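Residues per chain are reported as follows:
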Amino acid sequence: MMTSIFDKFNLQSRTAIVTGGAGLLGAGFCRTLAQVGASVLVADGNLAKAQTVADEIGAYGKARAQEVDVTRPESVRAMAAAAKEAFGSLDILVCSAALDPKFDPYLGGNYDEGFENYPLEKWQQALDVNLTGVFLSAQAAAPLMLAQSG
């Protein structure tokens, strides 16, 4: 009997948050998690795009869109609480929110100056999302995840 990769993974009764859930990679993570049974909170800075992904997933799974700014502690706490409120638990956190101001068209993109001229504020913005955002998201999710395991 032939089995698919989805037969090997079963995330029924599990809840996942995907930050950057409306992005190229994040949306793929959301779809895959939903395909194996997880309820998915599609968390993104762009609520309209997050809603589009959540609506698409709604055709075969459970999803909800949530606006989040991963650089703000109160925003990631609200994100974690929204997952628990919507689906009753929080089991999985995928930190996919990221930006690269050198290339991101929403941030000016196509940076072609040399490294020695790269603006510190753009560097800091990327660190705030790419690193601090992971830290804050994990801090917000951990208490909910740990409460379930004990």
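See the structure above.
Overview of the structure. Note that the structure is predicted; figures quoted are calculated from it, not measured. (Residues numbered from 1 in each chain as written. Predicted model: local features only at pLDDT ≥ 70, side-chain atom pairs only at ≥ 80, totals over all residues. Heavy atoms only, no water.)

It is worth spelling out the overall build of the chain at this point. Within the chain, the secondary structure is distributed over 5 helices and 4 strands. Reading the chain from its N terminus to its C terminus gives the helix and strand order α-β-α-β-α-β-α-β-α. Every one of the 150 residues in the chain was classed for burial, and the buried ones make up 35%. In the chain, the proportion of contacts linking residues at least 24 apart, taken out of those at least 6 apart, comes to 60%. Accessible surface, the chain: about 8,800 Å² in total, of which carbon and sulfur atoms supply 58%. (Helix = DSSP H or I, 4+ residues; strand = E, 2+ residues; numbered from the N terminus. Buried < 20%, exposed > 50% of the residue type's maximum accessible area, 1.4 Å probe, protein only. Contact = heavy atoms within 4.5 Å. Areas by Shrake-Rupley, 256 points an atom, 1.4 Å probe, with all protein chains shown as cover.)

Now for the side chain of Ser-75. In this fold, Ser-75 is placed in helix α4 (residues 73-87). A distance of 2.8 Å separates a polar side-chain atom of Ser-75 from the backbone nitrogen of Asp-69. Once residues lying within four places of it in the same chain are set aside, the contact partners of Ser-75 are Glu-67, Val-68 and Asp-69. (Polar contact = N/O pair within 3.5 Å; in protein donor to acceptor, adjacent residues only side chain to side chain.)

Next up on the list: the pattern of salt bridges. Going through the model one piece at a time under the given rule, you end up with 3 salt bridges. Of the charged contacts, one joins Arg-14 and Asp-91 as a salt bridge, the two residues approaching to 3.8 Å between their closest N and O atoms. Highlighted residues: Arg-14 in the loop between α1 (5-8) and β1 (15-19) and Asp-91 in the loop between α4 and β4 (92-95), separated in sequence by 77 residues. Judged by relative accessible area, which is 23%, Asp-91 ranks as partly exposed. (Salt bridge = Lys/Arg side-chain N within 4 Å of Asp/Glu carboxyl O.)

Remark on secondary structure: sheet strands pair via backbone hydrogen bonds, oriented parallel or antiparallel. Across the sheet, 4 strands lie side by side as β3-β2-β1-β4; this open sheet has parallel pairing. The outermost strands of the open sheet, each flanked by one partner alone, are β3 (63-67) and β4. Strand after strand, the sheet turns through a mean of 20° between neighbouring axes, direction not considered. Here strand β2 (residues 39-44) runs beside β3; their pairing, made up of 5 bridges, is parallel. Each bridged residue has a counterpart across the sheet, and for Asp-44 the counterpart in β3 is Glu-67. Sheet strands touched by helix α2 (residues 24-35): β1, β2 and β4. Its angle to β1, the strand with the most contacts, is close to 170°. (Pairing = 2+ DSSP bridges. Axes fitted to C-alpha atoms, helices over the stretch in contact; angles between N-to-C directions.)

Let's shift gears to the environment of Val-53. Counting through the fold element by element, Val-53 comes out in helix α3 (residues 47-57). The class for Val-53 is buried, based on a relative accessible area of 5%. In sequence terms Val-53 and Ala-27 are 26 residues apart; their C-alpha atoms lie 6.5 Å from each other. Contact partners of Val-53, with chain neighbours within four places excluded, come to Gly-21, Ala-22, Ala-27, Cys-30 and Val-42.

Take the packing of α2 against α3 next. The interhelical angle for the contact between α2 and α3, taken along N-to-C directions, is 25°, at an axis separation of 10 Å. Classified by the angle their axes make, α2 and α3 are roughly parallel. The hand of the α2/α3 crossing is right-handed. Residues Ala-27, Cys-30, Arg-31 and Ala-34 of α2 lie in contact with α3, whose contacting residues are Val-53, Glu-56 and Ile-57. Broken down by class, the residue content of the contact of α2 with α3 amounts to 5 nonpolar, no polar and 2 charged. (Parallel < 35°, antiparallel > 145°, perpendicular 65-115°, else oblique. Left-handed = near helix turned anticlockwise from the far one by under 90°. Nonpolar A, V, L, I, M, F, W, Y, C, P; charged D, E, K, R; others polar.)

Honestly, it's all geometry; don't read function into it.
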